[in-house]
Amino acid sequence: MANGPISMTQDLVTVTIDGTQLQVPKGTSIIEAAKQAGVLVPHYCYHPSLPSPAVCRMCLVEVEKAPKLMPACVTTVTEGQVVHTDSEQARKARTSVLEFLLINHPLDCPICDQAGECELQDYVFQEGQGATRYSDYAKRYNPVEDFGPDVLYVANRCILCTRCVRFMDDVAGTPVLNVSERGDRAFIGIDEHQLLDHPWAGNVVDLCPVGSLISKDFLHKARAWDLDKSASICTGCSQGCSVTIDTRDNTVVRLRPRPNLDVNRHFMCDTGRMNYRWMNRGDRIEAPLVLDGNRHVATDWDPALTRLRELVQRSTSTVLLASAGASLESLGMLKSLAGSARLTAAVRVPLADAEAPLEGVQNLALRRERAPNGDGAKLLGYSTDFAAAVKLAASASLVVIVDVELTDAEATLVGGASAVVVLGTLQGMELAAAQVILPITNVAEENGTFVNRDQRVQRYSQARTAPGMARPAWWVCAEAVPGSAPATAADAFAMACRQIPALAGMSYKDLGLNGMVVPGRALASVGGA
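Thresholds, definitions, all that
- Residues numbered from 1 in each chain as written.
- Predicted model: local features only at pLDDT ≥ 70, side-chain atom pairs only at ≥ 80, totals over all residues.
- Heavy atoms only, no water.
- Helix = DSSP H or I, 4+ residues; strand = E, 2+ residues; numbered from the N terminus.
- Buried < 20%, exposed > 50% of the residue type's maximum accessible area, 1.4 Å probe, protein only.
- Pairing = 2+ DSSP bridges.
- Axes fitted to C-alpha atoms, helices over the stretch in contact; angles between N-to-C directions.
- Parallel < 35°, antiparallel > 145°, perpendicular 65-115°, else oblique.
- Left-handed = near helix turned anticlockwise from the far one by under 90°.
- Contact = heavy atoms within 4.5 Å.
- Nonpolar A, V, L, I, M, F, W, Y, C, P; charged D, E, K, R; others polar.
- Phe/Tyr/Trp six-rings, centres within 6.5 Å; stacked < 30°, edge-to-face > 60°.
- Lys NZ or Arg CZ within 6 Å of the ring centre and 35° of its normal.
- Arc of directions from axis to C-beta.
- 1 Å grid on protein atoms, 1.4 Å probe; cavity = no way out; pocket = protein on both sides within 12 Å on 5 of 7 lines; lining within 4 Å.
- Points joined across faces, edges and corners; volume = space filled by probe spheres on them.
- Polar contact = N/O pair within 3.5 Å; in protein donor to acceptor, adjacent residues only side chain to side chain.
- Core = buried A, V, L, I, M, F, W, Y, C linked by side-chain atoms within 4.5 Å.
- Salt bridge = Lys/Arg side-chain N within 4 Å of Asp/Glu carboxyl O.

Observations regarding the overall build of the protein chain
Across its full length, the protein chain holds 14 helices and 27 strands. C-alpha atoms of the protein chain, sized along the principal axes, occupy 85 × 50 × 40 Å. A buried classification covers 54% of the 529 residues belonging to the protein chain.

Now the structure itself:
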């Protein structure tokens, strides 16, 4: 595995890279040291979360006093070392490698899903030759292979970087891929008795630097330059993997892992990867609804909020039944609906039968708890005994249901309450007896935070426009309660933190893109096994 976070106790060495002198920990590879100097050394086989075989030869650099060019991915820095990544000799070597790779590489860019994100495209444009010396020779051709549930292999585009093989061997611990044949006949082979159906197999698509391994799910959906990208958090389980949401024309089309060495390194499971279609559902609640006689009537926000305020003020006992997928901001503001009434608050945390760990990375798995914010709810005082809260709801003055679907038996019990209010995203969640039904946003349509199983508070950003009149749940609650209402999600987060002593003073700026651990909590680190 690549170098981990820098420790202040590590021995430092001084190196000079392209004229920039810097100090880096002893044992750091030249390629990683160059990043700290603001220099990206071209590479294909190297990846910071995989072992480095130095097979692609793209990262060759000139090291003074060395007898030949050195591969930057496996050569470690030494005291006083002087490195030239852009010398004439290094550039000539990279140009030669690129020419070699393009001998049999097809001109698939107009139809390739990787176009616009392809490292071969980038480096050829940057340093490649303007013409080929092999126009008289036919390129080799191999048919597309179906490797598994979501992965296709286009052998013609493969540059044999072996990232996929090393991921399955060293990280997933399931060696189903290999390099078959030799020379210009070599290709990535798969065990004929197995499929690439490991719970984390989709990462080979992200790791592939060209368009050789492609996702069936994303096939021909969008071009890279048509996508808007937003930093978010996976909602598939309590691990809280950092992800990027890719949207096109206000539709979520893909989720991909976002590097976070403390949570998921560079990976995400296939369950989380495919957990996005619900964000685009068309059966959304798009306008506030109030009960008029025996039917619900669409109205504006002002009348709906007025009705909600009346119900809150009359309540002597309030039960909150929420989803553990609700943000920390929303769960915090929801408690303000209770006012002086007796409050019972619970979240539903769906549980799977088992976990699916990634063998080569410690403390990384698809968790049993299939919700992203169960720990955040606990910090705010919510119970996870949802069944007990539902029983109490039968005799409550006010029940507030937040984006959680009830079973028929649960709906019958909740129907016994004096008043029911639903804050939901999808049609069908509302109860026939609900006095008020209010449309709220989902995770792709709002800014917010989750707390994962390791007590790390993490931000997610809005990726698409909310449908109709939907608003974040924290906004709805704030508007329904007299007093100073938060103007932004950051303000709502600050108010939620006031309810949690351990988070006092924490802000969005503190969280950054990788999150922040709740002070005083002991954590299990994520890293190589």
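Overview of the pairing of strand β2 (residues 20–25)
On a regular strand, each side chain points to the face opposite its neighbour's, so the side chains alternate between the two faces of the sheet. As defined by bridge partners, strand β1 (residues 12–17) adjoins β2 across 6 bridges and the pair is classed as antiparallel. When the bridges of β2 are listed, Thr14 appears paired with Gln23. Two successive antiparallel strands, β1 and β2, enclose a turn made up of 2 residues, where Asp18 displays a positive phi of approximately 50 degrees.

Remarks on the packing of helix α2 (residues 88–102) against helix α3 (residues 119–127)
Packed helices, taken two at a time, are described by the angle between their axes plus the distance between the axes. Running from N to C, α2 and α3 point in directions that differ by 130 degrees, and their axes come no closer than 10 Å. Regarding the angle of α2 to α3, the classification is oblique. By crossing handedness, the relation of α2 to α3 is classed as left-handed. Residues Arg94, Thr95, Leu98, Leu101 and Leu102 of α2 form the contact with α3, whose own contacting residues are Leu120, Tyr123, Val124 and Glu127. Taken together, the residues that form the contact of α2 with α3 break down as 6 nonpolar, 1 polar and 2 charged.

With respect to the packing of aromatic side chains
A complete count under the given rule lists 7 aromatic pairs for this structure. Taking the centre distance of 5.5 Å and the plane angle of 65 degrees together, the rings of Tyr44 and Tyr123 count as edge-to-face. Pair noted here: Tyr44 is in the loop between α1 (30–36) and β3 (60–63) and Tyr123 is in helix α3, with a separation of 79 residues, a long-range link. The residues Tyr44 and Tyr123 share a single accessibility class, namely buried. Against the face of Phe218 rests Arg254, its NZ or CZ located 4.1 Å from the ring centre. Over the aromatic face of Trp475 sits the side chain of Arg471, whose NZ or CZ is 5.9 Å from the ring centroid.

Considerations on helix α10 (residues 386–393)
Every α-helical turn comprises 3.6 residues, leaving residues that sit three or four positions apart pointing alike. Along α10, the residues that are buried comprise Phe386, Ala389, Val390 and Ala393. All buried residues of α10 lie within an arc of 105 degrees about the axis, which places them on one face of the element. Residues of α10 that are buried in the fold lie against β16 (317–323), β17 (342–348), β21 (398–402) and α11 (408–414).

Digging into empty space enclosed by the protein
Empty pockets left among the atoms are what a rolling probe the size of a water molecule brings to light. Within this structure, the stated rule accounts for 3 cavities of 30 Å³ or more. Taken as a whole, the largest cavity holds about 90 Å³ of empty space. For the largest cavity, the lining is made up of 15 residues, of which Cys158, Cys161, Cys164, Cys208 and Leu213 are closest to its centre. Split into classes, the residues belonging to the lining of the largest cavity amount to 12 nonpolar, 2 polar and 1 charged.

Section: the layout of surface pockets
The computed volume of the largest pocket comes to approximately 1,000 Å³. Along the walls of the largest pocket sit 43 residues, with His47, Asp206, Leu207, Arg256 and Pro257 positioned nearest its centre. The leading source of residues in the lining of the largest pocket is strand β13 (residues 251–257), at 5 residues.

Remarks on the environment of Asp283
Examined against the element boundaries, Asp283 turns out to sit in the loop between α6 (270–273) and β14 (289–292). Considered as a pair, Asp283 and Leu219 are 64 residues apart in the sequence and their alpha carbons are 25 Å apart. Setting aside chain neighbours within four positions, we find Asp283 in contact with Thr425, Leu426 and Gln427. Within polar-contact distance, the side chain of Asp283 engages the side chain of Arg281 at 2.6 Å.

Some thoughts on the nonpolar core
Counting 59 residues, the largest nonpolar core has Tyr44, Phe167, Leu177, Leu196, Val204 and Leu358 as the members making the most contacts within it. Taken together, the elements giving at least two residues each to this core come down to α2, α3, β7 (151–153), α4 (163–171), α5 (203–207), β12 (242–248) and β13. Residue contributions to this core peak at 5 residues, all from α4.

Some points on the pattern of salt bridges
Summed over the entire model, instances satisfying the criterion amount to 27 salt bridges. Its salt-bridge partner being Asp246, residue Arg254 comes within 2.8 Å of it at the nearest N-O pair. A relative accessible area of 12% places Arg254 in the buried class. By relative accessible area, which is 0% here, Asp246 ends up buried.

A closer look at the side chain of Asn104
Tracing the sequence through the fold places Asn104 in the loop between α2 and α3. The exposure class assigned to Asn104 is buried, which follows from its relative accessible area of 16%. Of note is the side chain of Asn104, whose polar atom sits 2.9 Å from the backbone nitrogen of Arg140. Setting aside residues no more than four positions away along its own chain, Asn104 makes contact with Ala138, Lys139, Arg140, Asn156 and Asp184.

Details of the sheet that holds strand β4 (residues 70–71)
Reading across the sheet, the 5 strands line up as β2-β1-β5-β3-β4 and stay open at both edges, with mixed pairing between neighbours. Each end of this open sheet is capped by a strand with a single partner; those strands are β2 and β4. Looking at chain direction, β1 and strand β5 (residues 82–84) are connected through 2 bridges and run parallel. Counterpart to Thr16 in the pairing with β5 is Val82. Across the sheet, α2 touches β3 and β5, and the angle it forms with β3 is around 165 degrees.

What about unusual backbone geometry?
The phi torsion at Ala54 lies on the positive side, around 55 degrees, for a residue other than glycine. Along the chain, Ala54 falls in the loop between α1 and β3. Positive phi outside glycine occurs at Asp249, with the angle close to 50 degrees. Here Asp249 is to be found in the loop between β12 and β13. In this structure Asp249 comes out as exposed when scored by relative accessible area, which is 68%.

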